[in-house]
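# Coordinate inspection notes
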Amino acid sequence: MSYLRKIKYRIVPDESFDIVYNCSGCGCKTSYKNTNRFRVNANGNKLDVWLIYQCSKCKHTKNLAIYERQNPAKIPQEEYQLFLANDEELAKDFGRDFQFFMKNHVEVDHEAIHYHYEMEAEEKDITFQKGDLLMIENTYGLRIRSEKLVSEVLGISRSQTKKRLETGQLIMRQEGRNIEIAVC
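Chains are numbered independently. Their residues run from 1 in the order of the written sequence. Note on the predicted model: pLDDT of at least 70 is required for a residue's local features to be given, and 80 or more for side-chain atom pairs to be given and counted; whole-chain, interface and lining totals, by contrast, use all residues. Water and hydrogen atoms play no part in the side-chain values, which are based on all heavy atoms of the structure.

## Let's talk about the overall build of the protein chain
Helix and strand labels come from DSSP, where a helix needs a run of H or I of at least four residues and a strand needs a run of E of at least two; each type is numbered from the N terminus. Across its full length, the protein chain carries five helices and ten strands. For a compact globule of 184 residues, the expected C-alpha radius of gyration is about 16 Å, and the protein chain comes in at 21 Å, more than 25% above that figure. The principal-axis extents of the C-alpha atoms in the protein chain amount to approximately 65 × 40 × 25 Å. The cut-offs for exposure are 20% and 50% of the maximum accessible area for each residue type, with area from a 1.4 Å probe on protein chains only; residues under the lower value are buried, those over the upper are exposed, and the others partly exposed. Counting the 184 residues in the protein chain, one finds 39% classified as buried. Partitioning the contacts of the protein chain with sequence separation of at least 6, the portion at a separation of at least 24 is 60%. Shrake-Rupley sampling with a 1.4 Å probe provides the accessible areas, and residues are treated as covered by the protein chains on show and by no other component. As displayed, the protein chain has an accessible area near 11,000 Å², and 44% of this comes from carbon and sulfur atoms. Counting 28 positive and 27 negative side-chain charges, the protein chain places the averaged centre of each group 5 Å from the other. When we talk radius of gyration, it's over C-alpha atoms, and the globule rule is simply 2.2 Å times the number of residues to the 0.38. We call two residues in contact whenever any of their non-hydrogen atoms come within 4.5 Å of each other. Positive charges are assigned to Lys and Arg, negative charges to Asp and Glu, while His and the chain termini are left out of the count. The location of each charge is read from NZ of Lys, CZ of Arg, CG of Asp or CD of Glu.

Below, the structure is given as structure tokens:
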């Protein structure tokens, strides 16, 4: 089927992901936030780099390893300078990387993730019409139900989305992390 318009959206987290971790100060599992700061420590000829997370209740910290016992020559000089400067964008990039959290054996607080959509089009106020193909990229792999994504993009309720899917007014196809919606 050929489509009149292909409209692409990308899901973008608003901030770094919070983690849930057992806080020694609070004595229970609690939410930790990204401080957007790095800790760089040299021990002999080896280097350690951590991203610092902080308990949102008592301010205890949890260091998440980026590099451990690494030869400094193996860390790109440009990246090393960004660690030393506490580059906020680099800290946010690490704070949105699920592989980074898995490597550090910490749990992401999926309930606290806030996100928005970025549209790849010149016109921002689009009225969806028959023959449109909407493509939603979930590059960060956020756990969001596909019907919820579709209803948020189309600006309709989830019950309306389900009804339109059942009647064939919308056709949804999910491929990996990405979703395509055909408006029929």
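## Considerations on the sheet that holds strand 3 (residues 28-43)
Here, strands pair whenever DSSP counts at least two bridges between them. The strand order across the open sheet built from five strands is 5-4-3-2-6, with neighbouring strands paired in antiparallel fashion. At either end of the open sheet lies a strand with only one pairing partner, and these are strand 5 (61-70) and strand 6 (107-108). Two elements, strand 3 and strand 4 (residues 46-55), share nine bridges in a ladder whose sense is antiparallel. Across the sheet, R39 pairs through a bridge with W50, a residue of strand 4. Note on geometry: axes are lines fitted to C-alpha atoms, helical ones only across the stretch in contact, with angles between N-to-C directions running from 0 to 180 degrees. Most of the contacts of helix 1 (residues 77-84) go to strand 3, to which it runs at about 120°, and overall it touches strand 3, strand 4 and strand 5.

## Observations regarding the pairing of strand 2 (residues 19-23)
Here strand 2 pairs with strand 3 via five bridges, running antiparallel. Bridge pairing in strand 3 places N22 opposite K29. Hairpin connection from strand 2 to strand 3: four residues lie between these consecutive antiparallel strands, with G27 at a positive phi of about 80°. Pairing geometry for strand 2 and strand 6, over two bridges, is antiparallel. Within strand 6, the residue paired with I19 across the bridge is V108.

## Quick look at the nonpolar core
In summary, soluble globular proteins display a tendency toward joint burial of nonpolar side chains. Throughout, nonpolar core names a set of buried Ala, Val, Leu, Ile, Met, Phe, Trp, Tyr and Cys residues whose side chains join them through atoms within 4.5 Å. The biggest cluster of nonpolar side chains holds 42 residues, and the ones touching the most others in it are F38, I66, F83 and F101. Considering every element that reaches this core, the biggest residue donor is strand 4, with five residues. Setting aside residues no more than four positions away along its own chain, F83 makes contact with F38, V40, V49, I66, Y67, I75, L90 and F94.

## Regarding the pairing of strand 5
Pairing geometry for strand 4 and strand 5, over seven bridges, is antiparallel. Bridged to V49 within strand 5 is Y67.

## Overview of the layout of surface pockets
To locate leftover empty space, one rolls a probe as large as a water molecule over the atoms. There is about 180 Å³ of room inside the largest pocket. Lining the largest pocket, in full, are H110, E111, I113, Y115, L142, R143, I144 and K148. When the residues that make up the lining of the largest pocket are grouped by side-chain class, the tally is four nonpolar, one polar and three charged. Points on a 1 Å grid over protein atoms alone make up a cavity when a 1.4 Å probe fits among them but cannot get out, and a pocket when they form an open set with protein on both sides within 12 Å along at least five of seven lines; lining residues each have an atom within 4 Å of a point. Grid points are joined across faces, edges and corners, and a volume is the space filled by probe spheres set on the points. Put simply, Ala, Val, Leu, Ile, Met, Phe, Trp, Tyr, Cys and Pro go in the nonpolar bin, Asp, Glu, Lys and Arg in the charged bin, and everything else, Gly too, in the polar bin.

## What about empty space enclosed by the protein?
Taken as a whole and assessed by the stated rule, the structure comprises one cavity of 30 Å³ or more. Quantified by volume, the largest cavity comes out at close to 40 Å³. Within the lining of the largest cavity, the residues separate by chemical class into four nonpolar, two polar and two charged.

Honestly, it's all geometry; don't read function into it.
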